[in-house]
Amino acid sequence: MKEFFKQYSPFYKNYKLQFIYAFIGIILVASATAGTAYAIQPLLDDIFINKDEEMLYMMPVFVILLYTAKGFGRYIQAYYISFIGQDITRIVRDRLFSHVLNLDMDFFQKKHGGELVSRIINDINRIQQAVSNYVAEFIREVLTIVALIGLVIYHSPELAFYGLVVLPLAIWPLSKLAKRMKKLSFKSQESNADITSSLSESFNNIEIIKANSTEEIEAKKFSIHNLNFFKYNMKAVRTNELTSPLMEIIGSLAFAAVILVGGSKVISGELTTGTFSSFIAALFMLYTPIKRLSSLYNKMQDALAANDRINEMLNSKATIISGNKEFPENIEKISFNNVSLNYGDFQALKSISFEAKKGDKIALVGDSGGGKSSLINTIIRFYDISEGEIKLNDNLLNELSLKSLRENISIVTQRVYIFNDTISANVAYGYEIDEKRVIEVLKQAHAYDFVSKMEDGINTKLDEFGTNLSGGQRQRIAIARALYKKPKILILDEATSALDNESESIISQVIDDVSVDKITFIIAHRLSTIKNASKIAVFKDGEIIDMNTEENLLKSCKEYQRLYNLANI
Ligand SMILES: Nc1ncnc2c1ncn2[C@@H]1O[C@H](COP(=O)(O)OP(=O)(O)OP(=O)(O)O)[C@@H](O)[C@H]1O
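Computed from a prediction, not measured in an experiment: that's the story for all the values here.

### Things to note about the overall build of the protein chain
Thought 1: Across its full length, the protein chain holds 20 helices and 10 strands.
Thought 2: For the protein chain, whose C-alpha radius of gyration is 35 Å, the value lies well above the compact-globule estimate of 25 Å for 569 residues.
Thought 3: Across its three principal directions, the C-alpha atoms of the protein chain cover 120 × 50 × 50 Å.
Thought 4: Taking all 569 residues of the protein chain together, 36% fall into the buried category.
Thought 5: Within the protein chain, counting contacts between residues at least 6 apart in sequence, those at least 24 apart form 79% of the total.

Here is the structure:
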């Protein structure tokens with residue numbers, strides 16, 4: 001808990017004014033609560049017993065004032081405290097999202113998208129209450145307790161002793177309950193993340209679910225996660241709700257003692273009825289904030305568990321570190337020297353060495369799993385190599401700034417990413433929209449024909465998955481996006497796989513034209529796509545077993561002959 005507040009206290013200094021207003025509210029609530037208990041004594045002694053008429057008119061005014069002050073105090077406290085909580089969580093959520101976006105590709109491969117969504121939304125919501133409301137409630141309840149304890153001691157120190165002596169008894173069971181709450185909160189949050197993951201998986205894979213009629217299977221899988229969530233929540237409710245009866249039973253012991261001792265003092269005339277009633281009222285009122293404090297402590301455990309999960313993410317660091325050199329103005333060559341790449345224990349690339357020059361179109365071919373995409377991963381630094389070196393001109397790849405490196409590389413993969421925005425914003429993604437250039441690259445990508453026929457042309461809105469486009473049209477938009485930023489390295493990973501033969505051959509021509517001032521890598525299973533490649537690298541089990549022109553490979557490389565024959569069956 002100390003750690004938690006240490007982590008969030010630096011935020012508080014930005015909210016000095018809001019804290020002052022909230023604190024005024026808290027003081028009003030605490031003192032009005034104690035005032036209400038105090039009011040019972042003059043009510044009984046002066047009005048009912050001494051029949052004091054002046055008091056009869058003063059008391060109603062006093063009570064209205066007390067409750068108005070309490071209501072007003074509660075309102076400003078609630079408003080300003082919520083403001084602080086909402087604002088801190090907004091900032092933490094922004095920070096967490098941009099931190100996560102900057103983590104390695106590997107992190108995203110291992111974590112489920114739904115789990116990340118759950119942490120950024122649900123876990124942060126759970127800390128919102130803790131950073132603000134719980135703090136305010138804590139202060140308010142403590143002040144109320146102090147004011148009420150002051151009042152009971154003022155009325156009768158002896159009775160106060162009997163009324164309060166049992167309190168320490170409650171500490172041990174309450175702390176046990178709190179520990180259990182933290183454990184349960186952690187489990188409940190994990191199963192909440194499972195629910196979100198399961199939902200996002202189902203909606204992302206809806207096509208395959210429908211095509212295989214697996215709605216029922218998926219619904220059953222979901223209901224298992226849902227049931228787990230329910231079970232953990234119910235366990236948490238059981239634990240949390242125990243606090244209240246526990247406190248009440250302990251409180252009843254105190255009341256019993258007070259009635260016995262206090263009652264006999266009233267009978268013997270040592271105490272007035274009014275003082276005794278006011279004392280009892282204060283004691284009653286005292287147990288409410290104490291009960292609230294202990295349930296606050298339990299709820300805090302939920303926030304602590306959420307915070308542990310948030311910190312786990314904030315503490316994961318990117319291992320792909322940016323260099324500080326700019327990408328060379330004029331790219332001459334890229335060279336691979338004995339490059340290996342491991343994914344954990346698995347070696348995906350083994351001793352790769354070759355060089356590609358400006359204007360080269362390097363085709364990467366080979367069986368599935370051969371390592372072609374892994375090579376691309378090393379160029380764009382989605383993964384860092386385990387051995388060897390990659391150089392751009394004479395700069396080591398990892399000496400370049402990541403931003404500059406990625407600004408100068410365009411990659412088109414088989415999976416096309418469309419953002420929920422206009423066609424022009426999708427094409428110019430990450431850059432200022434220059435409509436002339438958008439149209440130019442759409443034409444190059446052979447996409448302008450269909451775009452210009454759309455109702456709003458390049459301003460037509462696409463949805464997130466580009467469902468208002470065909471597969472081939474989506475690919476053309478992706479190719480236009482890749483050309484828009486005038487990359488110095490162009491990577492096409494099965495980028496034309498969804499195109500018909502005619503469009504594919506036109507786009508191959510376009511690629512030939514644009515590739516003169518860049519280095520182009522092309523991965524394609526359709527060998528017609530790579531017929532104009534300057535060199536073809538043949539991958540097998542993470543190695544390049546041969547690299548040559550198609551003509552030479554057909555003469556001397558058995559593996560290429562095999563691929564060629566397979567492709568031409
Ligand atoms: N992120 C990853 N983590 C662990 N292993 C991976 C990862 N990406 C790829 N691999 C493994 O590395 C090997 C090479 O994969 P890669 O994607 O480079 O092959 P590929 O030649 O591009 O295949 P395809 O033609 O099917 O796209 C495969 O065995 C694959 O399972």
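Don't stop here, the text continues.
### So, the pairing of strand 2 (residues 346-357)
Thought 1: Of the pairings in the sheet, the one linking strand 1 (residues 333-343) to strand 2 comprises eight bridges and is antiparallel in character. What sits directly across from Phe336, in strand 2, is Phe354.
Thought 2: Joining the antiparallel neighbours strand 1 and strand 2 is a turn of two residues, in which Gly344 adopts a positive phi near 60 degrees.

### A short note on the nonpolar core
Thought 1: Counting 71 residues, the largest nonpolar core has Ala363 and Ala480 as its most contacted members.
Thought 2: The element best represented in this core is helix 17 (residues 471-484), accounting for seven residues.
Thought 3: Excluding residues within four positions of it along the chain, Ala363 makes contact with Ile522, Ala524, Ile530, Ala533, Ile536 and Ala537.
Thought 4: Counting 48 residues, the second largest nonpolar core, distinct from the first, contains Val152, Leu286, Ile290 and Met300.

### Let's talk about the domain arrangement of the protein chain
Thought 1: Each assigned domain of the protein chain is listed here: domain 1 (2-315) and domain 2 (333-567).
Thought 2: For domain 1 versus domain 2, the distance between C-alpha centres works out to 56 Å.

### Some remarks on the site of the ligand
Thought 1: Taken together, 13 residues form the shell around the ligand, and within it Tyr343, Ser368, Lys372, Ser373 and Ser374 come nearest.
Thought 2: At the level of secondary structure, the elements contributing two or more residues to the shell around the ligand comprise strand 2 and helix 12 (372-379).
Thought 3: The element that contributes the greatest number of residues to the shell around the ligand is helix 12, accounting for three residues.
Thought 4: Split by residue class, the shell around the ligand holds four nonpolar, eight polar and one charged.

### Description of the UniProt feature "domain: ABC transmembrane type-1" (unreviewed entry) in the protein chain
Thought 1: As recorded in UniProt, the feature "domain: ABC transmembrane type-1" (unreviewed entry) lies at residues 22-302.
Thought 2: Measuring from the first to the last C-alpha atom of residues 22-302 gives 24 Å, for a span that is 91% helix and 0% strand.

### Some details on the environment of Ala348
Thought 1: With respect to the helices, strands and loops of the structure, Ala348 is situated in strand 2.
Thought 2: Classification of Ala348 as buried rests on a count of 21 C-beta atoms within 10 Å.
Thought 3: C-alpha of Ala348 to C-alpha of Gly369: the two residues are 21 residues apart in sequence and 8.5 Å apart in space.
Thought 4: With residues up to four places along the chain from it excluded, the contact list for Ala348 reads Leu341, Asn342, Tyr343, Gly371, Ser374 and Gly542.

### A closer look at helix 15 (residues 435-444)
Thought 1: Residues Val438, Val441, Leu442 and Gln444 constitute the buried set of helix 15. Viewed end-on, helix 15 has its buried residues packed into an arc of 155 degrees, placing them on one side of the element.
Thought 2: Elements that come into contact with the buried residues of helix 15 comprise helix 14 (423-427), helix 16 (448-453), helix 17 and helix 18 (501-514).
Thought 3: Backbone geometry just after helix 15 places His446 at a positive phi near 65 degrees.

### Digging into the sheet that holds strand 10 (residues 543-548)
Thought 1: Ordered in space as 6-7-8-3-9-10, the six strands form an open sheet in which the pairing is mixed. Only two strands of the sheet have a single neighbouring strand rather than two, namely strand 6 (409-412) and strand 10. With strand direction ignored, the average angle separating the axes of adjacent strands in the sheet is 15 degrees.

### Some words on the UniProt feature "transmembrane region" (unreviewed entry) in the protein chain
Thought 1: Mapped onto this numbering, the UniProt entry annotates "transmembrane region" (unreviewed entry) at residues 20-40, 55-73, 134-154, 160-178, 246-267 and 273-290.
Thought 2: Counting secondary structure, residues 55-73 comes out at 100% helix and 0% strand; the distance between its end C-alpha atoms is 26 Å.

### Looking at the sheet that holds strand 5 (residues 395-396)
Thought 1: Strand order in this open sheet of four strands is 2-1-4-5, and the pairing throughout is antiparallel. Lying at the two open borders of the sheet, with one neighbouring strand each, are strand 2 and strand 5.
Thought 2: Sheet topology note: the strand 4 (residues 387-392)/strand 5 ladder contains two bridges and is antiparallel. Bridge pairing links Leu392 to Asn395 in strand 5.
Thought 3: Relative to the sheet, helix 12 contacts strand 1, strand 2 and strand 4, its axis offset from that of strand 2 by approximately 65 degrees.

### Section: the packing of helix 8 (residues 171-204) against helix 11 (residues 273-315)
Thought 1: Helix 11 packs onto helix 8 with a crossing angle of 35 degrees between their chain directions and a minimal axis gap of 8 Å. Considering the relative orientation of helix 8 and helix 11, their crossing is right-handed. Across from Leu174, Leu177, Ala178, Met181, Lys182, Ser185, Phe186 and Gln189 in helix 8, the residues of helix 11 making contact are Ser294, Tyr297, Asn298, Gln301, Asp302, Leu304, Ala305, Ala306 and Arg309.
Thought 2: Residues belonging to the contact of helix 8 with helix 11 are distributed by class as follows: nine nonpolar, five polar and three charged.

### Side note on the pairing of strand 1
Thought 1: Of the strand pairs in this sheet, strand 1 and strand 4 are connected by five bridges, and their pairing is antiparallel. Among the inter-strand pairings, Ile334 is bridged to a residue of strand 4, identified as Leu392.

The rules behind these values
- Residues numbered from 1 in each chain as written.
- Predicted model: local features only at pLDDT ≥ 70, side-chain atom pairs only at ≥ 80, totals over all residues.
- Helix = DSSP H or I, 4+ residues; strand = E, 2+ residues; numbered from the N terminus.
- Rg over C-alpha atoms; globule rule 2.2 N^0.38 Å.
- Buried ≥ 20, exposed ≤ 12 C-beta atoms within 10 Å, placed from the backbone.
- Contact = placed C-beta atoms within 7 Å.
- Pairing = 2+ DSSP bridges.
- Core = buried A, V, L, I, M, F, W, Y, C linked by C-beta atoms within 7 Å.
- Domains from an automatic or database assignment.
- Near = placed C-beta within 6 Å.
- Nonpolar A, V, L, I, M, F, W, Y, C, P; charged D, E, K, R; others polar.
- UniProt positions renumbered as here; feature names shortened; annotations may be inferred.
- Arc of directions from axis to C-beta.
- Axes fitted to C-alpha atoms, helices over the stretch in contact; angles between N-to-C directions.
- Left-handed = near helix turned anticlockwise from the far one by under 90°.

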